[in-house]
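Listed below, chain by chain, are the residues.
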Amino acid sequence: MVSKRPLVGVICCTRLPEDPVQAVAERYLRTAPFMGADVVLVPSMSDILDIGSIVGRLDGVLLTGSPSNVSPNRYRSPETGVGPFDPARDETTLRLIAAAVEQDRPVLGICRGFQEVAVAYGGTLRRDLGQTDREQIHHTPPGLPLDEMFALEHRVELSPGGILERAFNASSIMIVSAHFQGIDEMSEKLTVEATSTDGIVEGIRPASGERVLAVQWHPEWRVAENANSQRLFAWFGMLIRGAKFEEAADRVAEIAP
């Protein structure tokens, strides 16, 4: 009998609007060994997919970062916002989150995925975090090469007793930051897991206990060189095998990457 590793669905983005392509940056897929899982791409095409059926065949869902922003109409904002937008991804990820919660499949959100989780639970977004006159810059100026863009780091404080504090066995960590959007109004349905020094929420999970967690930073960036990033994906790997949030956090904190 062929042994099977857990299967994680990774959301795609819609690129090249004149001839749409479903795409995922490879760096997200290269987290698979640290989760101990196989990965499969989930296209942002909810108009032809049965999302519930797809989630039923997955052990977990990974919501990636993206060049696009969540459309303001998804969080009841009258503003037009700043694109680019990917409405097909908005629709697909919100359905994925709902189906994963209904079927008790773990969800890990990264950057745009963090924003999607925030919106799914009733939060709103702001779009000014890339401004260079801020106390804490969260994104480099547009147009820089990836190596320079992802060289921007800052510290986040981890909520005492939270999942991330327990998993990393630390009260704060340095993270890779590259986001223009972030949470404006927190939903009462969410619990804060991490905060930057200027008060921006950087980590969240549902207050009601669903196995969903999202971080605003980029743990997938050069994951093989970052022990905390490895712990995060190892923690998620335990979740997709059925572990509870707290159990996995305490176990992964004892593992040396």
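Figured I'd write up the structure that's included with this text. Here the structure is a predicted model, which means the values were calculated and not measured.

With that out of the way, let us pick up the overall build of the protein. Tallying secondary structure elements over the protein gives nine helices and 13 strands in all. Taken over the C-alpha trace, the protein has a radius of gyration of 17 Å; the compact-globule value for 257 residues is 18 Å, and the two agree within 12%. Projected onto its principal axes, the C-alpha positions of the protein cover 55 × 45 × 35 Å. Computed over 25 positive and 35 negative side-chain charges, the inter-centroid distance for the protein is 5 Å.

This brings us to the nonpolar core. Most often, soluble globular proteins keep nonpolar side chains buried together rather than apart. If you look at the biggest cluster of nonpolar residues, it comprises 36 residues, and the most contacted ones within it are L164, L213, W217, W235 and F236. Looking at this core, the element that brings in the most residues is helix α8 (residues 227–239), giving six residues. Of all hydrophobic cores here, the second largest spans 27 residues; its members include V42, I51, I204 and V212.

Here we have nine strands laid out as an open sheet, ordered β4-β1-β5-β6-β13-β12-β11-β8-β9, and mixed in their pairing. The open sheet has two free edges, formed respectively by β4 (38–42) and β9 (172–176), since each of these has just one partner strand. The sheet shows a mean angle of 25 degrees between the axes of neighbouring strands, taken without regard to direction. Relative to strand β12 (residues 201–206), strand β11 (residues 190–196) runs antiparallel, the two sharing five bridges. Bridge assignment links A194 to a residue of β12, and that residue is G203. Its contacts with the sheet place helix α5 (residues 112–120) against β5 (60–63), β6 (107–110), β11, β12 and β13 (212–215), and it is angled at close to 50 degrees to β12. The strands touched by α8 are β1 (7–11), β5, β6, β9 and β13; relative to β6, the strand with the most contacts, the crossing angle is about 150 degrees.

One non-glycine residue, C111, lies in positive phi territory at about 55 degrees. You can see C111 is positioned in the loop between β6 and α5. Take C111: its relative accessible area is 5%, and that puts it in the buried class. Its identity as a non-glycine residue notwithstanding, N169 has a phi of 55 degrees, on the positive side. For N169, the position within the fold is in the loop between α7 (163–168) and β9.

This part covers the packing of helix α4 (residues 87–102) against α5. Put simply, α4 and α5 touch, their axes get as near as 10 Å, and they point 65 degrees apart. In this view, α4 runs roughly perpendicular relative to α5, as classed from their interaxial angle. Note on packing geometry: the crossing formed by α4 with α5 is right-handed. Between α4 and α5, the residues in contact are R89, D90, T93, L94 and I97 and R112, G113, E116, V117 and A120, respectively. A per-class count over the contact of α4 with α5 returns four nonpolar, two polar and four charged.

On to the environment of A100. Following the sequence through the fold, A100 ends up in helix α4. A relative accessible area of 0% means that A100 is categorised as buried. As for A100 and R211, which are separated by 111 residues in sequence, their C-alpha atoms are 8.9 Å apart. Other than its neighbours up to four places away in sequence, A100 contacts V55, V61, R105 and V107.

Right, let's talk about the pairing of strand β8 (residues 153–158) for a bit. Only one face of β8 is covered, namely the face carrying H154, V156 and L158; the face carrying E153, R155 and E157 is uncovered. Where β8 and β9 come together, five bridges link them in antiparallel fashion. When the bridges of β9 are listed, E157 appears paired with S172. Across three bridges, the pairing between β8 and β11 is antiparallel. Across the sheet, the residue bridging to L158 is A194, located in β11.

Burial analysis of β1 places four of its five residues in the buried class, the great majority of the element. Examined bridge by bridge, β1 and β4 share five bridges and lie parallel to one another. For I11, the partnering residue across the bridge sits in β4 and is V42.

A separate point is α5. The element α5 is extensively covered by neighbouring structure, given that eight of its nine residues are classed as buried. Buried within α5 we find R112, G113, F114, Q115, E116, V117, A118 and V119. Immediately downstream of α5, the backbone of G122 shows phi near 100 degrees, a positive value.

What counts and what doesn't
Residues numbered from 1 in each chain as written. Predicted model: local features only at pLDDT ≥ 70, side-chain atom pairs only at ≥ 80, totals over all residues. Heavy atoms only, no water. Helix = DSSP H or I, 4+ residues; strand = E, 2+ residues; numbered from the N terminus. Rg over C-alpha atoms; globule rule 2.2 N^0.38 Å. Lys, Arg positive; Asp, Glu negative; His and termini not counted. Charge placed at Lys NZ, Arg CZ, Asp CG, Glu CD. Core = buried A, V, L, I, M, F, W, Y, C linked by side-chain atoms within 4.5 Å. Buried < 20%, exposed > 50% of the residue type's maximum accessible area, 1.4 Å probe, protein only. Pairing = 2+ DSSP bridges. Axes fitted to C-alpha atoms, helices over the stretch in contact; angles between N-to-C directions. Contact = heavy atoms within 4.5 Å. Parallel < 35°, antiparallel > 145°, perpendicular 65-115°, else oblique. Left-handed = near helix turned anticlockwise from the far one by under 90°. Nonpolar A, V, L, I, M, F, W, Y, C, P; charged D, E, K, R; others polar.

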